[in-house]
Amino acid sequence: MEIKKNLKVVIISDGTGETATAMARAAVKQFPEKEIFFTRYKNVRTKDHIDAIFQEAALHHDMVVYTIVSADLRNYVKELSRSEKVRSVDLLGPLLTKIANIFEMEPDYQPGLLHQVNDEYFEKVAAVEFTLNHDDGRNLNSLEEADVVLVGISRTSKTPLSIYLSLEGLKVVNVPIVKEVNIPEKLFEIDQRKIFGLTIDPDALHEIRKNRLTRLGVESNGEYADIAKINEEVEWANDFFAQNKRWPIFNVTGKALEETAAEIIKMVNMRKANRFKVKKRFERKDKKD
């Protein structure tokens, strides 16, 4: 049997096909020597459409990768794969079946739910854009528009945590603080309940900064990776946080990004709920008066 030199992967989906495409591209990255091409068919929801796709796939010995919610259409693809001798991979069916078995219930079988465009989607896009425009202390003139403000010294995960939170729909500003450099006054003029401090153990920060310099090919950078100076810097930051008692402080040492983000999101939601209750209480009082 002759070994194929190239391959066309045919993506079939009853939604956008983005999930199947991403998965397939991740897999083929492991075969850099081979030529692999992609064709995507989205919103495929009839057997006639599938028939037409399989005619081409069978003719050229393509591989089919599919994410189809409908059990009927999934089974049809499986049958065609056998009869037309087309290699295929069902990325969604086995997972749906497993989850259905766990919950002992049938799925909704509604295609395209993952990538529905709605208000929540646009809010998240706006949050990411806002966060990127306010990374590393930029554009502090609009600081009050943020949902969350992260404050910390260099290498305390401010940027990655900001991006993660923005993907949850929160507008985030991260503000670096540096010893012997004035703290932006704007920071103390906004709602202090939005601010969260990030700290880290000195030894962990020392390793992070040393590794960063190594990746950059820099042998030494003065005080940046000096353990004595790092100890002073962390102590100064912790003293500064102690003066601002309304700011919750998170130690990110050895902590997964998701864990810190979950705690911040929980506090943000609790504070929003509390503000809502306060507003309602005053509204009821006004009505009585």
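Report follows, based on the coordinates. Since we're looking at a predicted model, the values are computed, not measured.

### Thoughts on the packing of aromatic side chains
Line of reasoning, step 1. Summed over all chains, the structure comprises 7 aromatic pairs.
Line of reasoning, step 2. When the ring of Phe 240 is compared with that of Trp 247, the centres are 5.6 Å apart and the planes differ by 70°; the resulting orientation is edge-to-face.
Line of reasoning, step 3. Cluster of aromatic residues (ring-pair linked, three or more members): Phe 188, Trp 236, Phe 240, Phe 241 and Trp 247.
Line of reasoning, step 4. One cation-aromatic arrangement involves Arg 25 over Phe 38; the distance from NZ or CZ to the ring centre is 4.3 Å.
Line of reasoning, step 5. Positioned above the aromatic ring of Phe 130, the side-chain terminus of Lys 171 is 5.7 Å from the ring centre.

### Quick notes on the pairing of strand 5 (residues 148-152)
Line of reasoning, step 1. Burial analysis of strand 5 places 5 of its 5 residues in the buried class, the great majority of the element.
Line of reasoning, step 2. The alternating pattern of strand 5 places Val 148, Leu 150 and Gly 152 on one face and Val 149 and Val 151 on the opposite face, and all of these are buried.
Line of reasoning, step 3. Note: strand 5 against strand 6 (residues 172-176), 5 bridges, orientation parallel. Within the sheet, the bridge partner assigned to Val 148 lies in strand 6 and is Val 172.
Line of reasoning, step 4. After leaving strand 5, the chain enters helix 6 (residues 158-166) and then returns to the sheet as strand 6, a path that is right-handed.
Line of reasoning, step 5. In this sheet, strand 7 (residues 195-199) lies alongside strand 5 in parallel orientation, the contact comprising 4 bridges.

### Looking at the environment of Asn 274
Line of reasoning, step 1. Structurally, Asn 274 is set in helix 9 (residues 257-288).
Line of reasoning, step 2. When the C-alpha positions of Asn 274 and Ala 242 are compared, they lie 24 Å apart, and in sequence the two are 32 residues distant.

### Regarding unusual backbone geometry
Line of reasoning, step 1. In this model, Arg 155 sits at a positive phi of 70°, which is unusual for a non-glycine residue.
Line of reasoning, step 2. By relative accessible area, Arg 155 is classed as partly exposed at 34%.
Line of reasoning, step 3. One non-glycine residue with positive phi stands out, namely Glu 180, at about 70°.
Line of reasoning, step 4. When you line up the elements, Glu 180 lands in the loop between strand 6 and strand 7.

### Re the pattern of salt bridges
Line of reasoning, step 1. Tallied over the full model, the rule gives 9 salt bridges.
Line of reasoning, step 2. Asp 90 is paired through a salt bridge with Arg 74; the nearest N and O atoms lie 3.8 Å apart. Note that Asp 90 is positioned in strand 4 (residues 87-90) and Arg 74 in helix 3 (residues 71-83), a separation of 16 residues in sequence. Judged on exposure class, the residue Asp 90 and its partner Arg 74 are both buried.
Line of reasoning, step 3. Glu 233 serves as the salt-bridge partner of Arg 209, at 2.9 Å between the closest nitrogen and oxygen. Linking Arg 209 in helix 7 (residues 202-215) with Glu 233 in helix 8 (residues 227-242), this pair joins segments that are 24 residues apart in sequence.

### Describing the sheet that holds strand 3 (residues 63-67)
Line of reasoning, step 1. Judged by pairing direction, the sheet is parallel, and its 4 strands sit side by side in the order 2-1-3-4 without closing on themselves. Both edges of this open sheet fall to strand 2 (35-41) and strand 4, since each of them pairs with a single strand only. With strand direction ignored, the average angle separating the axes of adjacent strands in the sheet is 20°.
Line of reasoning, step 2. Bridge count for strand 3 against strand 4 is 4 bridges, and the pairing is parallel. Among the inter-strand pairings, Met 63 is bridged to a residue of strand 4, identified as Arg 87.

### Side note on helix 7
Line of reasoning, step 1. For helix 7, built from 14 residues, the straight-helix expectation of 20 Å at 1.5 Å per residue is met to within 8% by its first-to-last C-alpha distance of 20 Å.
Line of reasoning, step 2. Of the residues making up helix 7, those classed as buried are Leu 205, His 206, Arg 209 and Leu 213. The buried residues of helix 7 occupy one face: seen down the axis, they fall within an arc of 105°. Residues Asp 203, Thr 214 and Arg 215 are exposed on helix 7 and point more than 90 degrees away from its buried face.
Line of reasoning, step 3. Along its buried surface, helix 7 packs onto helix 8.

Rules behind the numbers
Residues numbered from 1 in each chain as written. Predicted model: local features only at pLDDT ≥ 70, side-chain atom pairs only at ≥ 80, totals over all residues. Heavy atoms only, no water. Phe/Tyr/Trp six-rings, centres within 6.5 Å; stacked < 30°, edge-to-face > 60°. Lys NZ or Arg CZ within 6 Å of the ring centre and 35° of its normal. Buried < 20%, exposed > 50% of the residue type's maximum accessible area, 1.4 Å probe, protein only. Helix = DSSP H or I, 4+ residues; strand = E, 2+ residues; numbered from the N terminus. Pairing = 2+ DSSP bridges. Right-handed = clockwise from strand over helix to strand, strands pointing away. Salt bridge = Lys/Arg side-chain N within 4 Å of Asp/Glu carboxyl O. Axes fitted to C-alpha atoms, helices over the stretch in contact; angles between N-to-C directions. Expected span 1.5 Å × (residues − 1). Arc of directions from axis to C-beta. Contact = heavy atoms within 4.5 Å.

Structural measurements only, silent on function.
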